[in-house]
Every structure is written in structure tokens, then in C-alpha cells.
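A closer look at the structure
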Amino acid sequence: MKIGDLVRFNDVTGDFPGIHGDVALVVEQDKWATIIEWPDGTRDDIAYYADWCPFTRQEAWLEVVSEGG
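Residue numbers here run from 1 along each chain, matching the order of that chain's written sequence. Given that this is a predicted model, residues contribute local features only at a pLDDT of at least 70 and side-chain atom pairs are listed and counted only at 80 or more, while totals for whole chains, interfaces and linings are drawn from all residues. With hydrogens and water stripped out, all remaining heavy atoms of the structure feed into the side-chain values.

1. Remarks on the confidence of the model for the protein
Filter applied, for reference: What pLDDT expresses is the predictor's confidence in each residue, scored from 0 to 100. Runs of H or I in DSSP of at least four residues are treated as helices and runs of E of at least two as strands, each being numbered from the N terminus.
Residues of the protein with pLDDT of at least 70 account for 99%, and the chain-wide mean is 92. When the elements of the protein are averaged for pLDDT, helix α1 (residues 47-50) gives the smallest value, 88, and strand β1 (residues 6-9) the largest, 97.

So this is what it looks like as C-alpha cells:
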């Protein structure tokens with residue numbers, strides 16, 4: 001996963017049914033954070049969601065739909 005990738009949110013815990021399957025854009029990514037931007041312009045660190053299930057890798061929450069250029 002890298003900056004510019006279009007990703008689909010995968011709700012691995014079932015705690016976020018309202019956004020399961022929604023798409024977002026990876027806008028920042030390094031060893032500390034993966035920041036996604038939702039279509040409405042809000043940004044989230046995927047760690048916020050992954051903290052709900054600390055034994056799941058953060059990458060499990062996002063599926064790359066289209067790789068950025």
C-alpha cells in the first residue's frame with residue numbers, strides 16, 4: 001500500500017458497519033501511520049480503527065482497489 005492507492009475499508013470487527021466497503025485514498029503512509037482521506041475530505045489514521053482489534057494487522061482493514069501512479 002502506498003500514497004495514491006484507492007482502498008476499500010474492510011470492517012474486520014463489525015464495529016463500523018456504516019463505512020464497511022467505502023472507498024478512500026491513501027494520502028500519507030510511512031512506518032508510523034497510514035492516513036486515508038474519505039470522499040468527504042475527512043482524514044483518518046487507520047490505527048484509529050485497528051486499535052479496536054490490536055491483534056489484527058492494520059493492512060487487514062484496507063483492500064487496495066486501484067494502485068496510484
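2. A closer look at the packing of aromatic side chains
For the record, the criterion: Pairing of aromatic side chains here covers Phe, Tyr and the six-membered ring of Trp, requires ring centres within 6.5 Å, and sorts the geometry by plane angle: under 30 degrees stacked, over 60 edge-to-face, intermediate tilted. For every residue, the accessible area obtained with a 1.4 Å probe (protein chains only) is divided by the maximum for its type, and the residue is called buried under 20%, exposed over 50%, and partly exposed between those limits.
According to the stated counting rule, one finds 10 aromatic pairs in the structure shown. Here the aromatic rings of Phe-16 and Tyr-49 are separated by 4.8 Å at their centres, their planes lie at 85 degrees, and the arrangement is edge-to-face. Placement of the pair is Phe-16 in the loop between β1 and β2 (23-29) and Tyr-49 in helix α1, with a sequence separation of 33 residues. When its relative accessible area of 12% is taken as the criterion, Phe-16 is described as buried. When its relative accessible area of 5% is taken as the criterion, Tyr-49 is described as buried. Taking the centre distance of 6.5 Å and the plane angle of 35 degrees together, the rings of Tyr-49 and Trp-61 count as tilted. Residue Tyr-49 is located in helix α1, and its partner Trp-61 is located in the loop between α1 and β5 (62-66); the two are separated by 12 residues in the primary sequence. Each member of the pair, Tyr-49 as well as Trp-61, is classed as buried. Taken together, the ring pairs connect Phe-9, Phe-16, Trp-38, Tyr-48, Tyr-49, Trp-52 and Trp-61 into an aromatic cluster.

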